Amino acid sequence: MDMSVWFLMGAALVFFMQSGFAMVESGFTRAKNAGNIIMKNTMDFCIGTVAFVALGFSIMCAQDYAFGFIGVPNLDIFTSWESFDFSSFVFNLVFCATAATIVSGAMAERTKFASYLVYSFIISLVVYPIEAGWVWNPNGWLFTRGYIDFAGSSVIHMVGGVTALIGAALLGPRLGKYALNAAGEKVAKAIPGHSLTLGALGVFILWFGWYGFNGAAAADADQLGWILLTTTLAPVMAANVTMFFTWIRSGKPDVSMTLNGALGGLVAITASCAYVDAVGAIIIGSVAGLLIPLTVEFIDKVAHVDDPVGAVAVHGACGIWGTLAAGLFAIDGVGLCYGGGFQQLLVQLTGMTAILAWTVITMGTVFFIIKKTMGLRVGTEEELRGLDISEHALVNAYADFLTTPDTTAHYLAHTAASPSASESYVAPVPTAIRPQISSESKKFSKVEIITRPQLLEPLKLALENIGVTGMTVSNVVGHGLQKGQIGNYRGVAVDAPFVSKVKVETVVSLVPVGDVIAAAKKVLYTGAIGDGKIFVTAVENVVKIRTGEEGYAALQDYAE
C-alpha cells in the first residue's frame, strides 16, 4: 500500500466522523433540538476551518518555536502556496474539528447558537493548535521529552472532554433535569433521547472512522495492522465490561451506556494504539468500560453537571486514562508494566497535567467571557420550545412525523414566574392534597384542556395537587387563526398550519370546575400565542366498567 495515499484516506475517515458525532448527539437528545445539533456539528468544521486556515495551522506546525511553547506563525498557506504541505494541513484540520465538536453534546439543548460559534472559532484558532503543537510538532516541549500520544487521547479527547465539563457546568442543567426529594436532596431526572437508533448508528460511524483516526499516521502496512488490531480490541472489551457491569448492578444490560462504553474504549486506546500489545489493549479497554458508567453517574448524580450524551465520561475520563495507560503498558521496556520504570509514566503525567491546566485556564476564560457578554444560554421559553424553532426557525426536524410530548418542564408547576434559564432551577417534588370525600356532590363536569406538549407534566402535577387523580391524554394537532409559525427551509418559506398539541380530559365532581380551570391557567399561561384553550361540558353519568359503579362512586380511584 502507498502509505501517503492511506494518510489522506485516513484523514477522510476522520472527517466522516463528524457525521457520527452528529448522529450520537442528536439521537441521545430530544427531537426538538435535532436540527440545532446538526447545525453545530456542521459549523464546527466550517467555522473551525476558517480559524485553522487563518492562524491555527501556522501556530501548530510552525518550524520556528518560542521556547517549545508556541509556534511562530509563518502563514505559508498564503505566502508559499507552491511549496505548501497540503497533506499535513488536511490531516491536522480534521483532527482539530474533532476536538471542537466533542463539546457540542455536553452543552446540547440549551446553548445559544451564536455563542457556540464563537467558542468553536476560538478553540480552533489558538487553544487546540498550541497544545497540539506541544505534542506533535518536533519542536514542541512535550515531543522532545518523549510524551506518548499517538493519535490524541489527551491532545484531542481529554481537551474536548474537559472543555465540555467546563461549558456544561457554566451553562447549568437543562430545565427539569434535577428535582428535590422529600429530604431536600437534589436528585437527577432522566431525559431520554429521541432516537437510540440514531445514537447507535453514530457510534458505529465513529468506530469505523476511528480506524483512520488512529491508523492514518501508520509508518507502514505492518504498523497499520497492529494499530487496527489494538483499535478493535479496546472498544470490544470496553463495551463488554460496561454491558456486564450494568447488567449485574441493575439486572438488565444498559443499551446507551454500552454504546458509550465502546466509544470510551476507542478514546482510551488512541494514545497508545501503536505502542501496546494485545494484552495492553485488552486491559486499557476493560478499565475504560468500567470508567464509563462510574463517571457518567458521578457527573450526573454527585457533581450535578448535565451532560446529555456522556461526553465528559467518554472523552474526558477515558482520555485521561488512555494518556496514563501509555506510561503503564508501552512495550519494549518503556512502560512501567514492561520494565520501563516510572520514567515514562512521569512524562505522561507531566504532559497531561500541563494540557489540563492549559485547557481549564483558556476555555474557562473563553466561556466566562462569552457568558458575561453574549450570554451562553437561551431563554426559558426558547429552551422549552426547542432550539430548532427558536434558533433556526425550523418548525420540526421530522416534518412528516408527530413527535412525542416533551414532559420535562415540570418545574413550571411550582413557580408563579419562570426562573431565568441561566439559573440551575430545581423543582420540588409535589405532595398531592386529597379533598375530603362527600357523596352529596352529584354534578359531573368534563374539562378538556388543549395546550403545548411541553407543558403536559406541569399541568398533570397541578391537577393532582387539587385532587384530580384521573385524566386521559392524547396527541392532537391544533389549527388556529395564527396558523402556527412561519419558518424557512432551504431559503423558502414554510407554512406550518398545524401545530402539535396535547389534549387532557378529566371528569370532576367533588373538585370544583373553577379550581381545575384556575390551576390550569396558572400553569399554562405564558401570554404567547398557543397557550391553549379549556372546554367545559356537563356529563350525565359515569360508569366504572371494572366494578359496575356509577355516578360519584365511579370517579373514585382510592379507598375512602
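Overview of the structure. Per chain, the residues get numbers from 1 upward, laid out in the order the sequence is written. Local features in this predicted model are restricted to residues whose pLDDT is 70 or higher, and side-chain atom pairs enter the listing and the counts only when it is 80 or higher, whereas totals over whole chains, interfaces and linings include all residues. Calculation of side-chain values draws on the structure's entire complement of heavy atoms; hydrogens and water are dropped beforehand.

Working definition: with a 1.4 Å probe on protein chains only, accessible area under 20% of the residue-type maximum means buried, over 50% means exposed, and in between means partly exposed. Strands are runs of DSSP state E lasting at least two residues, helices are runs of H or I lasting at least four, and both sets are numbered from the N terminus onward. Within strand E6 (residues 444–451), six of the eight residues are buried, leaving the element largely enclosed by the surrounding structure. In this description, strands pair whenever DSSP reports at least two bridges between them. The sheet contact formed by E6 and strand E11 (residues 533–539) spans seven bridges and is antiparallel. The partner of Phe444 across the bridge, within E11, is Val539. Relative to strand E10 (residues 499–508), E6 runs antiparallel, the two being bridged by seven bridges.

This part covers the pattern of salt bridges. By salt bridge we mean one thing: a side-chain nitrogen of Lys or Arg within 4 Å of a carboxyl oxygen of Asp or Glu. Evaluation of the coordinates by the stated rule reveals eleven salt bridges. With a shortest N-O distance of 4.0 Å, Glu297 and Lys301 are connected by a salt bridge. Taken together, the residues Glu297 and Lys301, both in helix H11 (residues 278–302) and four residues apart, mark about one turn of the helix. Salt bridges here are not isolated pairs; linked through shared partners, they connect Arg30, Glu109, Arg174 and Asp306.

This brings us to the sheet that holds E6. Across the sheet, four strands lie side by side as E7-E10-E6-E11; this open sheet has antiparallel pairing. With one partner strand each, in any of the chains shown, strand E7 (472–478) and E11 form the two edges of the open sheet. The average angle at which neighbouring strand axes cross in this sheet is 25 degrees, direction not considered. Examined bridge by bridge, E7 and E10 share seven bridges and lie antiparallel to one another. Counterpart to Gly478 in the pairing with E10 is Val499. In this description, a line fitted to the C-alpha atoms serves as the axis of each element, helices being fitted only across the stretch in contact, and the angle between N-to-C directions of two axes falls anywhere from 0 to 180 degrees.

Another aspect to go through is the packing of helix H1 (residues 3–27) against helix H2 (residues 34–60). The interhelical angle for the contact between H1 and H2, taken along N-to-C directions, is 155 degrees, at an axis separation of 9 Å. Classed by the angle they form, the pair H1 and H2 counts as roughly antiparallel. Of the two possible hands of crossing, H1 and H2 adopt the one that is right-handed. On H2, the residues that touch Phe15, Gln18, Phe21, Ala22, Met23, Glu25 and Ser26 of H1 are Ala34, Ile37, Ile38, Asn41, Asp44 and Phe45. Each residue belonging to the contact of H1 with H2 can be placed in one class, and the counts come to eight nonpolar, three polar and two charged. Roughly parallel refers to an angle under 35 degrees, roughly antiparallel to one over 145, roughly perpendicular to one between 65 and 115, and oblique to any angle outside these ranges. Take the far helix as your reference; a near helix turned counterclockwise from it by less than a right angle gives a left-handed crossing, and one turned clockwise gives a right-handed crossing. Residue contacts are defined here by distance: any two heavy atoms, one from each residue, within 4.5 Å place the two residues in contact. By the convention adopted, Pro, Cys, Tyr, Trp, Phe, Met, Ile, Leu, Val and Ala count as nonpolar, Lys, Arg, Asp and Glu as charged, and the other residues, Gly among them, as polar.

For the rest of this paragraph, the subject is helix H9 (residues 221–250). The length a helix should cover is 1.5 Å for every residue beyond the first. For H9, with 30 residues, the first-to-last C-alpha span of 44 Å sits near the 44 Å given by 1.5 Å per residue. Three or more residues of H9 are buried, namely Gln223, Leu224, Ile227, Thr230, Thr231, Ala234, Pro235, Ala238, Ala239, Thr242 and Thr246. Taken together, the buried residues of H9 touch H1, helix H8 (196–215), helix H10 (255–269) and H11. Between a side-chain oxygen at the N-terminus of H9 and the backbone nitrogen of Asp222 the separation is 3.2 Å; the capping residue is Asp220. Once H9 ends, the next one or two residues include Gly251, with phi positive near 90 degrees. Two N or O atoms count as a polar contact when they lie within 3.5 Å, although within protein this holds only if one can serve as hydrogen donor and the other as acceptor, and sequence-adjacent residues are included solely when both atoms are side-chain atoms.

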